[in-house]
Amino acid sequence: MDRNGIALNTLMFIRMSSNIFYPFSTIYPGSGYSASVRAVIRITLKAPRGDGFSGLISAQGAVQRYGRTMERLNLKYRTGGLEAFANFGYFGGKHEDNNTIDMLTRSSVQWTQLMEQGGHAVINDFYAKAGFSYMFGKGHSIGAYYNNGFKKSDSRHSGFSRILADGKPYDELSVDIRENGKTMPRHHANVYYNGKAGNLGIDFNMDFMWRKKRSELHNGESSGNFEDATVSSHTVGRSRLFAEKLVLSHPLWKGGIEVGQEYTSSRFATDYRTDAAMLTSADSRVDESNIAGFVGLSQSFGAWNVAAGLRYEHVAFSYLENGQRREDMSRTYDNLFPSFSVATTLRKVQLALSYTHKTQRPSYSSLDGTIDYINRFTFEGGNPYLRPEKIHSVELSGAWSRFFGQISYSYKKDPVLNTTVPYGDDGEIKLITKENFPKIQQVEAFVGGQFRLGIWQPKVNAGIMAQWLSIDYDGRRMSLNNPIGLVQGQNAIHLPADIWLNVDLQWMSAGNGENARVNSTSYVNAKLYKAFFNNSFSVTLEADDIYNRNVRDFTFYNKDVTIFKTSSITNRTFLLTLQYTFNVTRDRYRGRGAGGAEMNRF
């Protein structure tokens, strides 16, 4: 569980890509993909040619309030059907974190906490990856890779809190928070075979992942009217995953059929030690196995393309506390997930309609029952009783000439949202956690186009995102149905001397996202790009969020707690990227991986 001062899990915002998207660039995921996968990009490449060494060297420097840097070195050697590669990278720097948080807590006394917090975090992240692929026969390919890494983070925050009880001064706290984290090792390996036996296509992948993370947190509070408090905690988290996936495909009638199976076995364990008086040390573990079988059929009838699929998943979930299985928290799921899509072209208009039934399982940090100390009035923890979300989605998209439109509707049953519950015998302390809510409905609609006017290539995109959600708040039912509007623009301008200027902008209105209200945001980004020496060397100069308006402040609503967060960080960023490539060729590695959706839960 990420823990940094004031409950990182509650810092909610709407995540929206700044890139304009167009239909038919993605394929609706069929039954061959995990029931939590929403969309996939499928790219078919011809076998590349070109032997010898190739490589990429990249260095990027960035200045926000502090500096950071990112370096990459990718090397590859190819001879005949053999391709071997080694990649290295580093990301590091100092990051600002300043915000104001007002927290209103309703219990027998109405507590008001006015908190100002400022600080920074220093991150150093190294990774390395090595592997090979070998192509033989006609369309046969095998390969494997192994990567590892090391990440270290050190953060320091200080702050001041004024506390009111029923509107009257109660206490003043000076807070000093220090957190050190280390993730080492980060093992990940993949082995694959991709090929054909006659008309039978075979795609097999096997993945293994193992990680260990250590963190230490020291929280010191100096009180103006009561005793001072110092709380320390030490956490060791271990996660591992084994997954394999086999997909068989074969032509059938006017299309093809695909059948397969996927198996994942995962574990997430936390050893938590604390000296907080009201908290206890804990040793928890989650074991989960998922066995899935699937079938998908696609057919073409003239201008119509139809696809349908069905996926069955059997999931066994076990929760252990201090080495003992908790039967009330352990459970088994058996589910069927159908999918269907149809696409056609009518008088130069491309149309596509799809339906998918998916699931979204809680992240392992959300399932972790460990409880962390934030301050003497507020704790934070996961919820081992969480159930998976079930999601039904319908999407209609169309494109004509340079224009596109898309509308989608989703119904989520048992969505996992942030909430607060009373903690302790008297309930004065509130625990920030997660809970399954009954349902949430969402609609998204977008229209846009791309054009070319001489040296100017603009793209525009506009849309709206709306939800229907009601929650218990302050003794009443509260509707959080205010939509969010979005306008995006991308402008590529081809200047003399083969220089490219890109100016991107976005405006997003205020509105509701889950059980929060986000304030309006906007940004303007600019980038200059110039390539030299037959495109082997390039220089990119960027200025992101020039007007420093892309900071998402929010209000989080719950029946017991209201949180108002205002960020005061410098989001304006300047970047310089230098990149050199030689003898660049497309990778031959065809491993698609197994258990990807499960790995994201870590």
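Residues numbered from 1 in each chain as written. Predicted model: local features only at pLDDT ≥ 70, side-chain atom pairs only at ≥ 80, totals over all residues. Heavy atoms only, no water.

Across its full length, the chain holds two helices and 33 strands. Here the C-alpha radius of gyration of the chain, 26 Å, is about what a compact globule of 602 residues would show, namely 25 Å. Across its three principal axes, the chain shows a C-alpha extent of roughly 75 × 60 × 50 Å. The proportion of buried residues among the 602 residues of the chain is 47%. Taking the contacts inside the chain whose residues are at least 6 apart along the sequence as the reference set, 66% of them involve residues at least 24 apart. Of the roughly 29500 Å² of accessible surface on the chain, 57% is carried by carbon and sulfur atoms. (Helix = DSSP H or I, 4+ residues; strand = E, 2+ residues; numbered from the N terminus. Rg over C-alpha atoms; globule rule 2.2 N^0.38 Å. Buried < 20%, exposed > 50% of the residue type's maximum accessible area, 1.4 Å probe, protein only. Contact = heavy atoms within 4.5 Å. Areas by Shrake-Rupley, 256 points an atom, 1.4 Å probe, with all protein chains shown as cover.)

Here we come to a nonpolar patch on the surface. Taken together, Leu 252, Trp 253, Leu 297, Phe 301, Trp 304, Leu 346 and Leu 351 make up a surface patch of nonpolar side chains, about 700 Å² in accessible area. Counting through the fold element by element, Leu 252 comes out in strand 8 (residues 229–252). Overall, the relative accessible area of 39% leaves Leu 252 in the partly exposed class. (Patch = residues over 30% accessible without salt bridge, like charges linked within 9 Å, V, L, I, M, F, W, Y side chains within 5 Å. Salt bridge = Lys/Arg side-chain N within 4 Å of Asp/Glu carboxyl O.)

Next up on the list: unusual backbone geometry. Of all residues except glycine, most have a negative phi; of all peptide bonds, most are trans. Residue Pro 185 is reached from Met 184 by a cis peptide bond, and omega for that bond is 0°. Although it is not a glycine, Asp 166 sits at a positive phi angle of roughly 50°. Turning to its location among the elements, Asp 166 is positioned in the loop between strand 5 (140–165) and strand 6 (168–197). Within the chain, Ala 497 stands out as a residue other than glycine whose phi angle is a positive 65°. Along the chain, Ala 497 turns up in the loop between strand 25 (484–495) and strand 26 (499–508). With relative accessibility at 55%, the residue Ala 497 sits in the exposed group.

Ranked by size, the top nonpolar core spans 17 residues in total, and within it Met 103, Phe 446, Met 465, Ile 484, Leu 486, Met 508 and Ile 563 carry the most contacts. Elements represented by at least two residues in this core include exactly strand 3 (82–106), strand 25, strand 31 (554–557) and strand 32 (561–567). Within the second largest apolar cluster, eleven residues are counted, among which are Ile 371, Tyr 373, Phe 379 and Tyr 423. (Core = buried A, V, L, I, M, F, W, Y, C linked by side-chain atoms within 4.5 Å.)

A separate point is a positive patch on the surface. There is a patch of like positive charges on the surface, built from Lys 152, Lys 182, Arg 214 and Arg 238. Mapped onto the fold, Lys 152 is located in strand 5. (Lys, Arg positive; Asp, Glu negative; His and termini not counted. Charge placed at Lys NZ, Arg CZ, Asp CG, Glu CD.)

The next point concerns the pattern of salt bridges. Pairing between side chains becomes possible if they bear opposite charge and their charged atoms approach one another. Per the stated rule, a full pass over the model turns up 21 salt bridges. Linking Glu 313 and Arg 361 is a salt bridge whose minimum nitrogen-to-oxygen distance equals 2.8 Å. Within this pair, whereas Glu 313 is found in strand 11 (residues 304–321), its partner Arg 361 is found in the loop between strand 14 (349–360) and helix 1 (364–367), the two being separated by 48 residues in sequence. A relative accessible area of 1% places Glu 313 in the buried class. Judged by its relative accessible area of 9%, Arg 361 is buried. Taken together, the salt bridges that share partners define one network made up of Glu 262, Arg 311, Glu 313 and Arg 361.

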